Amino acid sequence: MQAVYLLWQLHDYVLAIHLYDPRTSAWASLSVTLLGADHAHVFVGVLLNAWFLLRISKRLSRYRVVGVQATAFYWHAVNAITLVVLLVQLSPHL
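The rules behind these values
Residues numbered from 1 in each chain as written. Predicted model: local features only at pLDDT ≥ 70, side-chain atom pairs only at ≥ 80, totals over all residues. Heavy atoms only, no water. Phe/Tyr/Trp six-rings, centres within 6.5 Å; stacked < 30°, edge-to-face > 60°. Buried < 20%, exposed > 50% of the residue type's maximum accessible area, 1.4 Å probe, protein only. Helix = DSSP H or I, 4+ residues; strand = E, 2+ residues; numbered from the N terminus.

Two aromatic rings are characterised by how far apart their centres lie and by the angle between their planes. Under the definition given, this model contains three aromatic pairs. Between Trp51 and Phe52, the aromatic rings sit 4.9 Å apart at their centres with planes inclined by 65 degrees, giving edge-to-face as the arrangement. Between Tyr74 and Trp75 the ring centres are 6.3 Å apart and the planes differ by 75 degrees, which places this aromatic pair in the edge-to-face class. Residue classification places Trp75 among the buried positions, given a relative accessible area of 14%.

All right, on to the environment of Ala77 then. Along the chain, Ala77 falls in helix H3 (residues 62–90). Distance in space between the C-alpha atoms of Ala77 and His41 is 9.2 Å, their sequence separation being 36 residues.

As structure tokens, this is what we get:
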């Protein structure tokens with residue numbers, strides 16, 4: 001599901017870059033930069049999940065459980081970043 005979300009959002013990101021050229025205004029530059037950083041964090045999270053799924057499929061250990069918990073906390077941070085990006089994007093309409 002995360003990979004599908006990322007692919008969809010990357011499609012929207014390309015459209016946003018064409019719609020809001022970062023060179024036209026500070027808001028467009030900030031919005032596109034934050035959106036790109038958010039997508040990069042989602043990509044890292046997808047890679048972390050894939051890596052842990054491969055590791056857990058072999059054998060579950062306490063060390064791997066802690067890794068999964070750390071990945072869950074990472075996703076909470078990504079969600080917070082996404083909320084900031086959303087607020088920046090909505091700020092002209094508020």
